[in-house]
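# Structural description and commentary
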Amino acid sequence: MPRGLDAAAFAAVGLSVALTIVIGLLGPSAMVPALPGPSWQPPYSLDLRPDGHLVIAMAAAALLLGGLGLAAALRSRWRPDPRWLLAAGCAAAALLAFLPPSGSADHLNYAAYGRLVTLGHDPYAVTPAALPGDPVTGAVEEWAGVTSVYGPVATAVQALASFAGGDSVRLTVFVMAAFNATAFVVTALLLHRFTRGEADLQRRAALLWAANPLMIYHLAAGMHVDTLAVACMIAALMARGAGSGLLLGVGIGVKLNAGLVALGPAWELRRSPGRLAVVAGTATATVLVVYGVAGSHVFDQVSAASRKVSLGTPWQLVKVGLQTMFGPGAYTAWIQIGSLLLLAALAWMILRAAPRHTAAAVAAVMVVAWLFAAPYALPWYDGLAFALLAMASWPALESFMVARVAILSLGYLPAREALRPEDLLWLKTVVRERAVPWSLLALTLALAWWAATAGARARRRPASAAPRR
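Since the model is a prediction, treat every value here as computed from it, not as a measurement. (Residues numbered from 1 in each chain as written. Predicted model: local features only at pLDDT ≥ 70, side-chain atom pairs only at ≥ 80, totals over all residues. Heavy atoms only, no water.)

The next thing to look at is the overall build of the protein. Within the protein, the secondary structure is distributed over 19 helices and 0 strands. The C-alpha atoms of the protein give a radius of gyration of 22 Å, which matches the 23 Å a tight globule of 469 residues would have. Across the 469 residues that make up the protein, the buried fraction comes to 55%. When the accessible surface of the protein is split by element, carbon and sulfur atoms take 67% of a total near 19,500 Å². Considering the protein, the positive charge centre built from 34 side chains and the negative charge centre built from 21 side chains are found 16 Å apart. (Helix = DSSP H or I, 4+ residues; strand = E, 2+ residues; numbered from the N terminus. Rg over C-alpha atoms; globule rule 2.2 N^0.38 Å. Buried < 20%, exposed > 50% of the residue type's maximum accessible area, 1.4 Å probe, protein only. Areas by Shrake-Rupley, 256 points an atom, 1.4 Å probe, with all protein chains shown as cover. Lys, Arg positive; Asp, Glu negative; His and termini not counted. Charge placed at Lys NZ, Arg CZ, Asp CG, Glu CD.)

Below is the structure:
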């Protein structure tokens, strides 16, 4: 039987997931975009239209309970059957597919880009704003004037959903939610299989992915396309040969930043040139075909996004500091160079601290370093790191990621600016623009210090363990 603190940890995890489900069930609010169309079409809700203050408070409670509960559960001495955690997480993800997505309005962008394809337009050249009268493209909120930043594979899935949903926003979103939930569940099952034979590892894998309240909040309830990329990359790490390369290429075809995972297999196969050539060659060929069909302009919006600095990262502090010292300007090049240097430094230090250098561990190092170093980051980007850590089994690094995603998540309440109550502007000006960047800066420095000291200890151990002559 679990002790009091252990029971409280798992209860907090469960309550966090329950609150996430309730937010979607209540209907349109500051956290849940209204979906045009008859209510008998999925996704379904009670259509209660609750007060924005209440829903934001519920979301904050879900994130706080989820972060604290997850951190405690990962250290708990209670050993619940991992199959129960797996089943509970998968059931929650499946249920959320029938509820309106919450947290941000990105799913409306996905629906619009798919709609553009089915209407014969190029979403990498035409914005949703070009068709304001269309019921699907007209539903986009903040990003109506922006072309797609997602890879061709993601666009193909969005187009398939649009083909099935037609001019119904609700049906289009539901089909995409079904794809998303499937990818979430498939990833959970793959991680469960990868850790088979070791109940403790299966339990941690379930907590880090399937039953992770923060991932359920962002990837299952939020329905972000990142879930598809994660599924491809985890499958790629479990596959062999050309199959691994094909899956790597498809994952990169969903989102370019998923390509960091490819460095894991490349490291593991560095002493097997033939096998490395097969995997690398297949992955490269797949990427060339996928992006070649779409055309080189597919990178236009990605390139523009790479020069942005999001309000919740420490680089926002750097940007403001540079503007104060040297006058108005974006200082994009300086920040990009600084970000690359930080990425290289963090990756090197964390890699030295790694207990083992498997493909999953090396991939996790690169993704975690990128997340902490990137000038533009959103909390749902962290899903890839959690899935990789579930394979790598690295408790110390897990703690940093739980803290990071919890802090960043609180900074994006709500992620939708349009429906934030006016008297909650401080959530942006104080929390997102000040508290979160400073907190993440402190966490980044703590990560660097831990990696440096852990790496130094790891280098000393072999020397001290060597036999004396």
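An ideal rise of 1.5 Å per residue puts 33 Å on 23 residues; helix α2 (residues 52–74) measures up with 33 Å between its terminal C-alpha atoms. One side-chain oxygen of the residue at the start of α2 lies 3.0 Å from the amide nitrogen of H53, identifying that residue as D51. (Expected span 1.5 Å × (residues − 1). Polar contact = N/O pair within 3.5 Å; in protein donor to acceptor, adjacent residues only side chain to side chain.)

The full count for this structure, using the stated rule, is 12 aromatic pairs. Seen from their ring centres, F326 and W334 are 5.5 Å apart, and the 80° between their planes marks the pair as edge-to-face. Residue W334 is classed as partly exposed on the basis of its relative accessible area, which comes to 48%. Note on F400 and W450: the rings are 5.6 Å apart at their centroids and 45° apart in plane angle, and the pair reads as tilted. Taken as a pair, F400 in helix α18 (residues 395–411) and W450 in helix α19 (residues 426–465) lie far apart in primary sequence, 50 residues in all. On the accessibility criterion, F400 (13% relative accessible area) is buried. In this structure W450 comes out as buried when scored by relative accessible area, which is 14%. (Phe/Tyr/Trp six-rings, centres within 6.5 Å; stacked < 30°, edge-to-face > 60°.)

The amide bond that connects P42 to the next residue, P43, takes the cis arrangement and shows omega of -5°. Assignment of secondary structure puts P43 in the loop between α1 (4–26) and α2. Residue P414 is bonded to the preceding L413 through a cis peptide linkage, with omega at -15°. Among the structural elements, P414 can be located in the loop between α18 and α19. Residue D47 is not a glycine yet carries a positive backbone phi of 55°. The topology assignment puts D47 in the loop between α1 and α2. Look at D47 and you get partly exposed, because its relative accessible area is 43%.

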